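Given next are the chains, with one letter for each unit.
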There are 2 protein chains.
Amino acid sequence: MHTEFVPDRVTDMVNLVVGNDFDEVLRTRPASGWWNQRVVWFAQDDDIVVLPTAPEESFLRYVTAMTGTRRSSLHIVVPPTGSGGSETLSGTTLTDGRLLAEIRSALAGRPITGILPLWPGASVARLATALGVPAALPGHAFVEQGGGALLNSKTAFRAIAAGAGAGLPQGRVCADQGDAVEAVWELVGSGHVAILKKDYMSGGAGNEIVSAVPGLTPVGAKRAVVAADHDAVRRYLKDRWNWLTDDDRHLFVVERFFPDSVACFAEFLITDDVIAFGGHGEMLSEPVTTKQIIPPAHVPPDVLEELARQGRQLCEPLQRMGYRGRLSADAIVTPDGELLFTEYNGRITGSTHVYSVFGDEIVGSNYTKDRVLFEGFWPKGWSVPSFDAAIERLHDAGLAYDPDTRTGVIISSAFDRRDDTLLHCVVAESLPTAHEVEERLARLFTA
Amino acid sequence: MHTEFVPDRVTDMVNLVVGNDFDEVLRTRPASGWWNQRVVWFAQDDDIVVLPTAPEESFLRYVTAMTGTRRSSLHIVVPPTGSGGSETLSGTTLTDGRLLAEIRSALAGRPITGILPLWPGASVARLATALGVPAALPGHAFVEQGGGALLNSKTAFRAIAAGAGAGLPQGRVCADQGDAVEAVWELVGSGHVAILKKDYMSGGAGNEIVSAVPGLTPVGAKRAVVAADHDAVRRYLKDRWNWLTDDDRHLFVVERFFPDSVACFAEFLITDDVIAFGGHGEMLSEPVTTKQIIPPAHVPPDVLEELARQGRQLCEPLQRMGYRGRLSADAIVTPDGELLFTEYNGRITGSTHVYSVFGDEIVGSNYTKDRVLFEGFWPKGWSVPSFDAAIERLHDAGLAYDPDTRTGVIISSAFDRRDDTLLHCVVAESLPTAHEVEERLARLFTA
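Under an unreviewed UniProt entry, the name given to chain A is Peptide ligase PGM1-related protein, and the source organism is Streptomyces vulcanius.

Written as structure tokens, this is what we have:
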């Protein structure tokens, strides 16, 4: 599953698996420690895993039992908590002398042969350099000079995707308040709906919808705003300017929003030699991304083929500019069946472990032919006292993943103590069956 | 000379040549009207030339006499002066209804077959769309979505150049004050000199040098600052933060500065099919770029070859992401003979007309074999009452360019009324001869 690494594992091969965060200047996410722990799904025997916060032993035991990695062979390294107890693993936290010392001690003289970060931040490149193994990080030169920002910028995406020939919703990149008013009004004034996207947020959290009429359900966006005339659009942009631009720091995107579209993605692994298709899926938002269906259930085969073809096209300039790693190309299929790309993400996404570990490795046997993976966040109202309690309830209800039937529920994240939830993945023969399992789970995890 | 356009000119072929400015959000330059008029050098019979301000007739007569373009066949179009009398040709000025009407009237029903802008701003793409000829602008899709910003960003340059395998000075892209302090101190604290570069400025105007010792001559930068210890570096960055980041709007570059380096460039034309070498030159700065020598006089042939090779490498990701047009790759040759790239500029630069029109077309006959072009701004103290007076003095002194000898002085810019100066190009058999001509010119243009 680690095509990033040398496929034939040799003795004394040590990979550094890094559950790092976005550079703080681009985006901060509160308490991402539990979420970044999903990187453990990628750990193989003898790896060193760097995490923002100490993981629960029960999470580590669960994941390694599922992947077949020897828990005892893994070294888990957590940086000394910074001032203020930040859980963010980025910036200078990654090159802290005590962290480096701990990694070196875990290495015990063995060489690092590969570095797999969650996202290609410049600070990971500095970590690789500090450890004396820049070449262990694929695409080191590009990442070191801040290339990660280009791979997660919605404005760079619009330019590169347009130039690479991928289909895009009508719209443009804005930087100027007057121009943005016109861009929104071009859509809203002609009966369409506009979506505004901040440059560096994800999962819809940096998006807002603007519509001339009320009653629109925000999908893939935090909220829907009504602006019925040119003056209302002007007032809206004035009000939201600092939020949209991070106080004039970043450009943003205005584009046409298509209600009732299907959101989907195709993910690739870019290496020196190939752009390898990884998997594709469908994203459900209510209103921001909560669930994914792998493979997509509501996209016709010819559109899926086109998604993979244009997605690959999008990877080509990124490969040429020196990026190595995962790239997710996100798109919508409009009610008219049109395929339009909406963003890309050059990092290990919330889907990578689902298709590449759950799908390819755990379920296996060409899983997309006879299985559906239905994965994501818990709905409001679900909770469980602990990670162990979640495992126990799944087992007691006979719902835990069973390798013999290749169906059942895989817990996909660490436990989020903020609201006593986690993420899970239902593996089923079909989407309706997966929905039935979800209903049984609802009874397990609601009071 | 217009490989951007279809080479065989057919009847009723009309190109739109646009002397436009950077999008204002990226950079504004005071009174660029006279400077942008150099785009007239690219005008061919029947073209429509859009300029920020009305050009002097004597400038137009001079340029067209030199290029052989029929002055009477050109349509010069100037947008209605905006409120405040701005000379900036960008943004909504380019799609003003009155400007569009004037262009349509000049077209008199003929189709526009090519659009050649000074720089690939999104507003030029909107002009192309408004005129119903998006395909006439090479790379329209990329430009329309703000791709021009990526081609003129010094931070995107660092990532893309590193990834493409071009040599770079030690340094990095900064966004965070603490990280920037470390990046500067890594250089200054180990006996090197640092240069800080704003993301979108050019010609050294957005650069500052930081050194531990006084007495450094700023080359390619506005000034040299002394910061002898870590605390002084910290104070310097605090002081200059808003200037460096345009009030937190943009990232910036910190890299090693090499005193006594030779600055040079290689320029290419990127089309659908090829990356064609255009020309290379040497840049002289005192302290910001003032003169260029084409071909370079102080760069060994093997380094020049490497400049062209790595420069072409740099163009490849840009071609793949959909850019079509000129790309200048700028580099330095250090006193140790190392070639290191320092920025790129995806636009028609201040060199394009010099090598491609003066060199290839006017001087011709493989000019780099037996001629040197020494071109640039006037030194402090030079002035002339008018464009016509400059022509007259050159003629009277026998210094005007002579097609028979393929030597002499070409006036290369419109007249800058702010200080009664212009730019000129000495064409000579050798650099020492060009310097002798400069001395004779000094007597003509100083009181």
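(A) Region of interest: the relation of the copies chain A and chain B. Superposing chain A onto chain B takes a rotation of 180° combined with a translation of 0.0 Å along the rotation axis, leaving an RMSD of 0.0 Å. The relationship between the two copies is best expressed as a two-fold rotation axis. Minimal C-alpha distance to the rotation axis in chain A is attained by Arg 249 of chain A, lying at 1.7 Å. Interface overlap between copies is the fraction of interface residues in one copy that are interface residues in the other; for chain A against chain B it reaches 100%, indicating a shared surface.

(B) Spotlight on the interface of chain A and chain B. Residue-level contacts link 31 residues of chain A with 31 residues of chain B. For the chain A and chain B pair, buried surface summed over both sides reaches about 2,700 Å², with 59% attributable to carbon and sulfur atoms. The three residues of chain A that bury the most area against chain B are Gln 145, Arg 249 and Arg 320 of chain A, which together make up 25% of that side's buried surface. In this structure, the connection of chain A to chain B is made through four salt bridges. We note a salt bridge from Arg 320 of chain A to Glu 316 of chain B, for which the minimum N-O separation is 3.2 Å. Along the contact surface separating chain A from chain B lie eight residue pairs in polar contact (both at pLDDT 80 or more). Among the elements of the structure, helix H5 (140–144), helix H6 (147–151), helix H7 (154–164), strand S5 (171–174) and helix H10 (301–320) of chain A are those that each provide at least two residues to the side of chain A that touches chain B. For the side of chain A that touches chain B, the leading source of residues is H7 of chain A, giving eight residues.

(C) The arrangement of the pattern of salt bridges in detail. Applying the stated criterion across every chain, the model contains 44 salt bridges over all chains. The salt bridge involving Arg 158 of chain A is made with Glu 255 of chain A; its shortest N-O contact spans 2.7 Å. Here the residue Arg 158 of chain A occupies a position in helix H7, and Glu 255 of chain A occupies one in strand S9 (residues 252–257), the gap between them amounting to 97 residues. Each member of the pair, Arg 158 of chain A together with Glu 255 of chain A, is buried. Residue Glu 208 of chain B is joined to Arg 223 of chain B by a salt bridge in which the shortest nitrogen-to-oxygen separation is 2.7 Å. Taken together, the residues span a long stretch of sequence, with Glu 208 of chain B in strand S7 (residues 207–211) and Arg 223 of chain B in strand S8 (residues 223–226) at a distance of 15 residues. Among the residues examined, Arg 223 of chain B registers a relative accessible area of 36% and is labelled partly exposed. It is possible to trace a salt-bridge network through shared partners that takes in Arg 126 of chain A together with Arg 172, Asp 179 and Glu 186 of chain B.

(D) Expanded view of the pairing of strand S13 (residues 325–333) of chain A. All names here are of chain A. In terms of burial, S13 is largely enclosed, as nine of its nine residues are buried. Two strands pair when backbone bridges link them, and strand S10 (residues 262–270) and S13 are joined in this way by nine bridges, in the antiparallel orientation. Counterpart to Glu 267 in the pairing with S13 is Ser 328. Counted between consecutive antiparallel strands, the loop separating S13 from strand S14 (residues 339–345) contains five residues, among which Gly 337 sits at a positive phi close to 85°.

(E) Local environment of the sheet that holds strand S4 (residues 112–117) of chain B. Residue and element names in this part refer to chain B. Pairing is parallel in the open sheet, where four strands are placed in the order S3-S2-S1-S4. Strand pairing shows two members of the sheet lacking a second neighbour, strand S3 (75–77) and S4, which therefore form its edges. Put simply, the sheet's adjacent strands are angled 20° from each other on average, direction ignored. Taken together, the three bridges between strand S1 (residues 14–18) and strand S2 (residues 48–50) define a ladder with parallel strand orientation. If you follow Leu 16 over to S2, its bridge partner there is Ile 48.

(F) Molecular detail of helix H14 (residues 431–445) of chain B. Residue and element names in this part refer to chain B. A rise of 1.5 Å per residue sets the reference length of H14, with its 15 residues, at 21 Å; its end C-alpha atoms lie 20 Å apart and thus fit the reference within 8%. Within H14 the residues assigned to the buried category are Leu 431, Ala 434, Val 437, Glu 438, Leu 441 and Phe 445. Angularly, the buried residues of H14 cover 110° about the axis, an arc narrow enough to put them on a single face. Across H14 from its buried face, at more than 90 degrees, point the exposed residues Pro 432, Glu 436, Glu 439 and Arg 443.

(G) Region of the structure containing the environment of Gly 146 of chain A. Here Gly 146 of chain A is to be found in the loop between H5 and H6. Gly 146 of chain A sits 284 residues away from Ser 430 of chain A along the chain, and the two C-alpha atoms are 42 Å apart. Excluding its chain neighbours within four sequence positions, the residues that come into contact with Gly 146 of chain A are Ala 122 of chain A together with Ala 159 of chain B.

(H) Here's a closer look at the pairing of strand S17 (residues 424–428) of chain B. Residue and element names in this part refer to chain B. Of all five residues in S17, five are buried, a share of seventy percent or more. Residues His 424, Val 426 and Ala 428 line one face of S17 and the alternating positions Cys 425 and Val 427 line the opposite face, and both faces are buried. Pairing geometry for strand S15 (residues 372–376) and S17, over five bridges, is antiparallel. Paired with Gly 376 across the bridge in S17 is His 424. Across four bridges, the pairing between strand S16 (residues 408–411) and S17 is antiparallel. Bridged to Ile 411 within S17 is His 424.

(I) Focus on empty space enclosed by the protein. Within this structure, the stated rule accounts for four cavities of 30 Å³ or more. Considered as a void within the structure, the largest cavity measures approximately 490 Å³ in volume. Lining of the largest cavity is provided by 35 residues; of these, Thr 155, Asp 199 and Tyr 200 of chain A together with Asp 199 and Tyr 200 of chain B occupy positions nearest its centre. When grouped by side-chain class, the residues that make up the lining of the largest cavity number 18 nonpolar, twelve polar and five charged. A volume near 150 Å³ is recorded for the second largest cavity. Forming the walls of the second largest cavity are 16 residues, and the residues nearest its centre are Pro 117, Tyr 323, Arg 324, Gly 325 and Arg 326 of chain A. Elements supplying a minimum of two residues to the lining of the second largest cavity: strand S4 (112–117) and S13 of chain A. Per-class residue counts for the lining of the second largest cavity are eleven nonpolar, one polar and four charged. Each of domain 1 (10–151) and domain 3 (262–445) of chain A accounts for three or more of the residues forming the lining of the second largest cavity.

How each quantity is defined
- Residues numbered from 1 in each chain as written.
- Chains lettered and ligands numbered in written order.
- Predicted model: local features only at pLDDT ≥ 70, side-chain atom pairs only at ≥ 80, totals over all residues.
- Heavy atoms only, no water.
- Least-squares fit on C-alpha atoms with pLDDT ≥ 70 in both.
- Contact = heavy atoms within 4.5 Å.
- Buried area = accessible area lost by both parts, 1.4 Å probe.
- Salt bridge = Lys/Arg side-chain N within 4 Å of Asp/Glu carboxyl O.
- Polar contact = N/O pair within 3.5 Å; in protein donor to acceptor, adjacent residues only side chain to side chain.
- Helix = DSSP H or I, 4+ residues; strand = E, 2+ residues; numbered from the N terminus.
- Buried < 20%, exposed > 50% of the residue type's maximum accessible area, 1.4 Å probe, protein only.
- Pairing = 2+ DSSP bridges.
- Axes fitted to C-alpha atoms, helices over the stretch in contact; angles between N-to-C directions.
- Expected span 1.5 Å × (residues − 1).
- Arc of directions from axis to C-beta.
- 1 Å grid on protein atoms, 1.4 Å probe; cavity = no way out; pocket = protein on both sides within 12 Å on 5 of 7 lines; lining within 4 Å.
- Points joined across faces, edges and corners; volume = space filled by probe spheres on them.
- Nonpolar A, V, L, I, M, F, W, Y, C, P; charged D, E, K, R; others polar.
- Domains from an automatic or database assignment.

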